[in-house]
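# Observations on the model geometry
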Amino acid sequence: MTHQNRGSLPSPLELEWNTPMYRLAVDQLDATAERMGLDPNVWERLRTPQRAHVVSFPFRRDDYDTVETVFGYRVQHLLTMGPTKGGIRYDLDVNLGEVTALAIWMTWKCAIMAIPFGGAKGGVRIDPKTLSQGERQRITRRYTSEIVEVIGPDRDIPAPDLGTNALTMAWIMDTYSQHKGHAVPGVVTGKPIEIGGSYGRAEATGRGVVSCAVEACKLAGFTFEGSKVVVQGYGEVGATVAKLAHSLGARVVAVSDVKGGLHAEKGLDIAGVNEWMHEHGTLTGYPHADAVTNEELLELPCDVLVPAAIQNQITARNAGRLRCRLLVEGANGPTDLEADAVLADRGILVIPDILANAGGVTVSYFEWLQGLSQFFWTEEEVNTKLITLMQRAFREVLQVSQSKGVPMRTAALMRGIERVKEAKRVRGVFP
Ligand code: NAD
C-alpha cells in the first residue's frame, strides 16, 4: 500500500467519520507509514478504530418540561497495548470523526511515553457554557450510563478534556460505581484528590508543554527564561502554561480565551490576569493590556507560541504570517499538514501535540498506578517523575528526528507507530 493508492473508506464511514480532523489524523499516519515502509496489514488496522460507540440520550432541562436529545461518543482506537485511555470533551463540534482522530492521537501519545494504554476518546455534542451545573451533571450521569459497559479500570479509562474537569470525573466515577454496587475510583483519572485523584494532574498537561518548550529552546539556541511567550486558550492547559512560563522567568506577552485575547508587550501580570478571570469568568475587559483577536494573537512576534485551545488554528491561511521561533502544541490538532510544510520551509521548529501535551496522560497513568497500589505520591514526586518521562520522550523523538532527518512530528509519529507495530507483531492475529 502506498500513500497514493490506499483504499478509500468503507462507505458507512463517509458520513460522520470522514471529517477534516479524522482525515488529518489518517493523513499523518499514511505519510509516516509510507516513509517507514510500515507493514500494510498493520497500517490498514491503524486507520480505523477497533470500537466506536455512538449513543443518543435525553436530558431534562432545569425547567423540567423541556427534554432534549443529545449525542455522545466513545471511540477505542487500539486495544493491543492494555486498557484504552482518553479524555471526554463537551463541545458543540464533537462528532465521530473528531473523537476518532483524538483517539488515534492518544494511541501515539501513550506509545511515545511508553505508557501501557491504547488510545480512546469520548465526547458529548453540547455547549457546556449554556448549561447549568445541574444540567451538566444530568448529562454526564446519563452519558456514563449509556457507555457503562465499555468503560472500566481495566477496559477504558476516561479523563477530562475540553469543557470537562475534575468534577465531571467525580460524577462519572459516582455513576459507574452506582451501577457496579461498589466504589470504583479507577474508572476515571483526573478526578478530585478526595476520591483518589493525583496531585499534579490538573497542571500536568501544561507542565509537560512547558518542559518541552524548555528543551526546544535549548535546541534552538536560546533559553526559555527571558523568552517571549504567547498562549492561545486559557483553560486547564493554557492557564497552566502561562503560570509556569511566568514563574520560570519567561515574558508572557499575550493570552486568549474563546472571546479574544490580551496583549502587553512588557509582559502580563499573570496573577492579576488570573484574579480577573476568577472574578469575571473571561479575560475580556482586563484593564492592564490591549485587546487582540485570536487571529491577531497567533501572528504576534514571539519566541514561543503555544496554541492551547482547539484544533485547526494554524493552517495554510496563516502559517506564512506566524512570527514565532518555536511552536509548541498544547492543544490537539492545532496545525494542519499544509501549515506543517509552510512552517518547516520557514525554519519554525514545531513540537507536536502527541509529544508536547502528553503530560496529561502521563500523570493520568500515575493516578491509575497510585489507585491500583493504594499508595499515593506527593506532588513533588509526581512532578519530578513527569519531567523525567517528558525529557526522556523528548530526547528519543529528537534522536529519531536527527537520525532520519525528519521533522519532530514525523519522528514522534514514527516512534509511536513503531512501538504499536511491534506489540501487534508479537501478539499476532486472532484467531
Ligand atoms: P478547557 O476547556 O479547560 O480550556 C479551553 C480554552 O480554550 C478556554 O480558555 C476557552 O475559552 C478557549 N477556547 C475555546 N474555543 C476557542 C476558540 N474557538 N478560540 C480560542 N480559544 C478558544 O480545555 P483544556 O483541557 O485546557 O484543553 C485545551 C486543549 O488541550 C484541547 O485541544 C485539548 O484536547 C488539549 N489537551 C488537554 C489535556 C488536558 O489534560 N486537559 C490533555 C491533552 C490535550
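For the structure, see preceding data.
Per-chain numbering applies: the sequence of each chain, read as written, is numbered from 1 onward. Only residues with pLDDT of 70 or above have their local features reported here, since the model is predicted, and side-chain atom pairs are shown and tallied only from 80 upward, although totals for entire chains, interfaces and linings are computed over all residues. The side-chain values count all of the structure's non-hydrogen atoms but skip hydrogen atoms and water molecules.

### Things to note about the sheet that holds strand 3 (residues 84–90)
For sheets, the rule is that strands pair by backbone hydrogen bonds, running either parallel or antiparallel. To be explicit about the condition: By definition, two strands form a pair when at least two bridges between them are found by DSSP. Labels follow the DSSP assignment, with helices taken as runs of H or I lasting at least four residues and strands as runs of E lasting at least two, numbered in each case from the N terminus. Convention adopted: a line fitted to C-alpha atoms gives each axis, helices being fitted over their contacting stretch, and angles between N-to-C directions are expressed from 0 to 180 degrees. Should any heavy atoms of two residues lie within 4.5 Å, those residues are considered in contact.
Spatially, 1-2-4-3-5 is the arrangement adopted by the five strands of the open sheet, whose pairing is mixed. Single-partner strands in this sheet number two, and they are strand 1 (51–60) and strand 5 (156–160). Taking the axes of each pair of neighbouring strands and ignoring which way they run, one obtains an average angle of 20° across the sheet. Direction of pairing for strand 3 relative to strand 5: parallel, over a ladder of five bridges. Paired with G87 across the two strands is A159, which belongs to strand 5. Helix-sheet contacts for helix 3 (residues 96–112) involve strand 1, strand 2 (67–76), strand 3 and strand 4 (118–124), and the interaxial angle to strand 4 is about 150°.

### Some points on the state of the cysteines
Stated precisely, the cut-off is as follows: We call a pair of cysteine sulfur atoms a disulfide when they lie within 2.5 Å.
Taken as a whole and assessed by the stated rule, the structure comprises zero disulfides. Between C217, a cysteine without a disulfide, and C302, which holds the nearest cysteine sulfur, the sulfur-to-sulfur distance is 11 Å. Cysteine C324 remains unbridged, with the sulfur of C302 as its closest cysteine sulfur at 5.2 Å.

### Considering the site of the ligand
Let me state the cut-off plainly: Nearness here has a simple test: a residue counts as near a molecule or strand if at least one of its heavy atoms is within 4 Å of that partner. Polar contact is defined as a pair of N or O atoms within 3.5 Å, subject to the rule that within protein one atom must be able to donate a hydrogen and the other to accept it, and that residues adjacent in sequence are counted only when both atoms are side-chain atoms. Only the protein chains shown count as cover for residues, with accessible areas throughout obtained via the Shrake-Rupley method and a probe of 1.4 Å. Residue polarity is assigned by list, with Asp, Glu, Lys and Arg as charged and Ala, Val, Leu, Ile, Met, Phe, Trp, Tyr, Cys and Pro as nonpolar; anything else, Gly included, falls into the polar class.
R89, D161, T205, Y234 and N332 are the nearest of the 22 residues found near the ligand. One of the side-chain N or O atoms of T205 is found 2.7 Å from an oxygen atom in the ligand. For the ligand, whose accessible area on its own is 830 Å², the fraction buried by protein is 84%. Secondary-structure elements contributing two or more residues to the shell around the ligand are helix 6 (201–220) and helix 7 (236–247). Looking at the shell around the ligand residue by residue, the class counts come to eight nonpolar, nine polar and five charged.

### What to know about the packing of aromatic side chains
Heads up, the rule is: Working definition: rings of Phe, Tyr and Trp (its six-membered ring) pair if their centres are within 6.5 Å, and the pair is stacked with planes under 30 degrees apart, edge-to-face with planes over 60 apart, and tilted otherwise. Only Lys NZ and Arg CZ are tested; either one counts as a charge over a ring when it is within 6 Å of the ring centre and within 35 degrees of the ring normal.
The tally for this structure, following the rule as stated, stands at eight aromatic pairs. One aromatic cluster is present, formed by F117, Y365, F366, W368 and W377 through successive ring pairs. Positioned above the aromatic ring of F222, the side-chain terminus of R325 is 4.0 Å from the ring centre. The cationic tip of K385 hangs over the ring face of W377; the distance from NZ or CZ to the ring centre is 4.5 Å.

### Description of the packing of helix 6 against helix 7
Put simply, the rule is: Our angle categories are set so that under 35 degrees counts as roughly parallel, over 145 as roughly antiparallel, 65 to 115 as roughly perpendicular, and the remainder as oblique. In this scheme, a crossing is called left-handed if the near helix is turned counterclockwise away from the far one by less than a right angle; it is called right-handed if the turn is clockwise.
Look at helix 6 against helix 7: their axes get within 8 Å of each other, and the N-to-C directions meet at 60°. With respect to helix 7, the axis of helix 6 lies oblique. For helix 6 against helix 7, the interelement crossing comes out right-handed. Of the residues in helix 7, those in contact with R201, A202, E203, T205, G206, R207, V209 and V210 of helix 6 are E236, V237, T240, V241, K243, L244 and A245. Of the residues in the contact of helix 6 with helix 7, the class split is seven nonpolar, three polar and five charged.

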